[in-house]
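Secondary and tertiary structure notes
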Amino acid sequence: MKERVLCFGFNTEFQKKLIDAWTVDLDAKTVDLVLLSRKACPNVERHAETALESARRVPAGAIGERLKLRFLQLQYNWIYRKLEESRPDRVLIYNGLNGVNYLVSAACKELDLPQLYFERAPLQDRVQIDARGVNFQSSVPTDIQFYRSLKEDEFADYRGADYVNEHLLNNESSLSGNQDGNNELRSKSYVFCPLQVPRDTQVTVFGGWINGIPHLLDSLDEASRQLPSDIHVRIKEHPSSPISFAQRIESYDNPKLVLDNEHDVYDQVAHSQGVITINSSVGLEAFLFEKPVITIGKALYSFGEMTTRATDLDSLCDAMTDFPNLSWSRLERDRFVKFLFFWFPPMQQVLNKEYTPHDILLRNQKFQSLLEGAN
């Protein structure tokens with residue numbers, strides 16, 4: 001008998017292709033439109049308030065916020081009733097952290113329904129498929145002892161292991177090919193900071209002590225002044241950001257902050273002294289360029305000795321002061337990234353139906369055996 005699944009949040013063309021491929025052998029129904037219900041359900045106020053904090057679009061002003069909050073309450077009621085009535089074997093959710101998708105996740109937990117979350121992975125051309133959540137809430141272990149206990153060749157048979165071993169991204173041929181631009185970057189000494197999308201859940205949910213991109217820039221303005229005299233912070237705005245922070249950066253009148261939206265992100269990482277980020281995937285990619293990384297928020301890859309963690313403004317300033325001497329563990333990074341190549345399946349294999357729910361079952365079984373071996 002086929003597993004009955006209900007799918008939420010798969011709205012873009014890519015997301016629809018992803019869920020269509022994943023559910024080809026399942027009894028699947030997709031919810032394209034979440035309706036409204038006045039009939040209150042358990043903990044609706046609390047869940048709606050959390051969803052409001054992570055929503056991508058919130059109307060300006062107190063009245064707009066109250067209307068949005070009420071709208072989320074009505075949506076949660078409808079989602080809860082829909083799940084309660086249909087009782088699927090599993091609920092498939094895209095992301096599950098922002099707005100309506102968070103409400104689906106919350107309702108599933110209230111009703112004790114198994115979930116499976118999907119999202120683009122922080123490694124290029126890979127996808128997250130996880131029963132616990134995505135990004136910092138995923139099942140990826142954050143106990144460094146797990147990785148230290150792995151055999152050196154544990155994931156040698158997985159695509160990507162050689163890629164990490166040889167550090168191919170640390171090769172000039174892999175960069176953008178813009179030699180004039182690369183020469184310009186080579187002549188500078190800088191720390192690279194890639195900005196993230198302002199209302200992305202990586203910022204709103206996992207931003208840590210940083211409450212948004214403006215707060216990040218204010219903190220960089222102060223901390224950058226602690227850098228050695230010959231080093232500056234080079235900032236690149238996210239291409240998907242709906243707003244620009246160029247004027248704000250200019251207003252600091254701080255020669256230590258340089259906005260550079262022209263050079264390719266990989267070129268800027270490759271020629272930098274290192275990377276500072278809230279929790280961007282660029283920080284993880286900096287591992288492959290063998291660069292030190294400072295993380296500010298809750299990052300999937302920031303534990304053990306893989307990065308330097310700035311837990312407040314003072315520790316950020318301290319890290320900037322000592323940036324040229326920041327250390328990191330090659331062994332921990334390599335074993336961690338190899339695990340990610342095992343954990344995050346290639347996107348194209350999923351879309352081509354070559355990587356299926358059965359493969360996730362095998363993956364989870366291997367993972368469980370590794371966990372038991374580490375304990």
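The structure we're discussing is the one just above.
Residues numbered from 1 in each chain as written. Predicted model: local features only at pLDDT ≥ 70, side-chain atom pairs only at ≥ 80, totals over all residues. Heavy atoms only, no water.

Scanning the protein from terminus to terminus reveals 16 helices and 11 strands. Relative to the globule expectation of 21 Å for 375 residues, the C-alpha radius of gyration of the protein, 22 Å, shows essentially globular dimensions. The dimensions of the protein, computed from C-alpha atoms along their principal axes, are 65 × 55 × 40 Å. Here the protein, with 375 residues, has 54% of them falling under the buried criterion. The contacts in the protein between residues at least 6 apart in sequence include a share of 71% that link residues at least 24 apart. Only carbon and sulfur atoms are counted for the fraction: they give 45% of the accessible area of the protein, which is about 17,800 Å². Computed over 42 positive and 52 negative side-chain charges, the separation of the two mean positions in the protein equals 6 Å. (Helix = DSSP H or I, 4+ residues; strand = E, 2+ residues; numbered from the N terminus. Rg over C-alpha atoms; globule rule 2.2 N^0.38 Å. Buried < 20%, exposed > 50% of the residue type's maximum accessible area, 1.4 Å probe, protein only. Contact = heavy atoms within 4.5 Å. Areas by Shrake-Rupley, 256 points an atom, 1.4 Å probe, with all protein chains shown as cover. Lys, Arg positive; Asp, Glu negative; His and termini not counted. Charge placed at Lys NZ, Arg CZ, Asp CG, Glu CD.)

In this structure the tally under the stated criterion is 10 salt bridges. Its salt-bridge partner being Asp218, residue Arg248 comes within 3.2 Å of it at the nearest N-O pair. Remark: Asp218 occurs in helix H9 (residues 213–223) and Arg248 occurs in helix H10 (residues 246–251); sequence separation between them is 30 residues. Overall, Arg248 belongs to the partly exposed group, its relative accessible area being 33%. Linking Arg330 and Glu290 is a salt bridge whose minimum nitrogen-to-oxygen distance equals 3.2 Å. Highlighted residues: Arg330 in helix H14 (residues 330–343) and Glu290 in the loop between helix H12 (281–288) and strand E10 (293–295), separated in sequence by 40 residues. Here Glu290 falls in the partly exposed class, since its relative accessible area comes to 25%. (Salt bridge = Lys/Arg side-chain N within 4 Å of Asp/Glu carboxyl O.)

Next up on the list: the packing of aromatic side chains. Under the criterion given, the structure shown has 20 aromatic pairs. Ring centres of Phe339 and Phe367 lie 5.8 Å apart, and the angle between their planes is 50 degrees; this geometry places the pair in the tilted category. Of this pair, Phe339 sits in helix H14 while Phe367 sits in helix H16 (residues 357–374), and the two are 28 residues apart along the sequence. For the pair formed by Phe339 and Phe367, the shared burial category is buried. Put simply, the rings of Phe146, Tyr147, Phe155, Phe303, Phe336, Phe339, Phe342, Trp343 and Phe367 touch in pairs and so form one group of aromatic residues. Between the NZ or CZ atom of Arg234 and the centre of the ring of Tyr190, over which it lies, the distance is 5.5 Å. Over the aromatic face of Trp328 sits the side chain of Arg333, whose NZ or CZ is 4.1 Å from the ring centroid. (Phe/Tyr/Trp six-rings, centres within 6.5 Å; stacked < 30°, edge-to-face > 60°. Lys NZ or Arg CZ within 6 Å of the ring centre and 35° of its normal.)

Attention now goes to the pairing of strand E1 (residues 4–8). Counted residue by residue, E1 has 4 buried out of 5 residues, so it is predominantly covered. By the bridge criterion, 5 bridges tie E1 to strand E2 (residues 27–31) in an arrangement that is parallel. Across the sheet, Val5 pairs through a bridge with Ala28, a residue of E2. For the crossover that starts at E1, traverses helix H1 (residues 13–22) and ends in the parallel E2, the hand is right-handed. Where E1 and strand E3 (residues 90–94) come together, 4 bridges link them in parallel fashion. The residue of E3 that forms the bridge with Val5 is Arg90. (Pairing = 2+ DSSP bridges. Right-handed = clockwise from strand over helix to strand, strands pointing away.)

Residue position: Thr307 is located in the loop between E10 and strand E11 (308–309). The exposure class of Thr307 is buried, given its relative accessible area of 7%. Between the C-alpha atoms of Thr307 and Trp328, which are 21 residues apart in sequence, the distance is 6.0 Å. Excluding residues within four positions of it along the chain, Thr307 makes contact with Phe287, Val293, Thr295, Tyr301 and Ser302. Within the structure, the side chain of Thr307 is placed 2.6 Å from the side chain of Ser302, a separation counted as a polar contact. (Polar contact = N/O pair within 3.5 Å; in protein donor to acceptor, adjacent residues only side chain to side chain.)

Summed over all chains, the structure comprises 0 disulfides. Among the cysteines around Cys41, which has no disulfide bond, Cys108 carries the closest sulfur, lying 13 Å off. You can call Cys41 buried: its relative accessible area is 6%. Considering cysteine sulfurs only, Cys193 is the nearest to Cys317, which forms no disulfide, with 14 Å between them. (Disulfide = S-S within 2.5 Å.)

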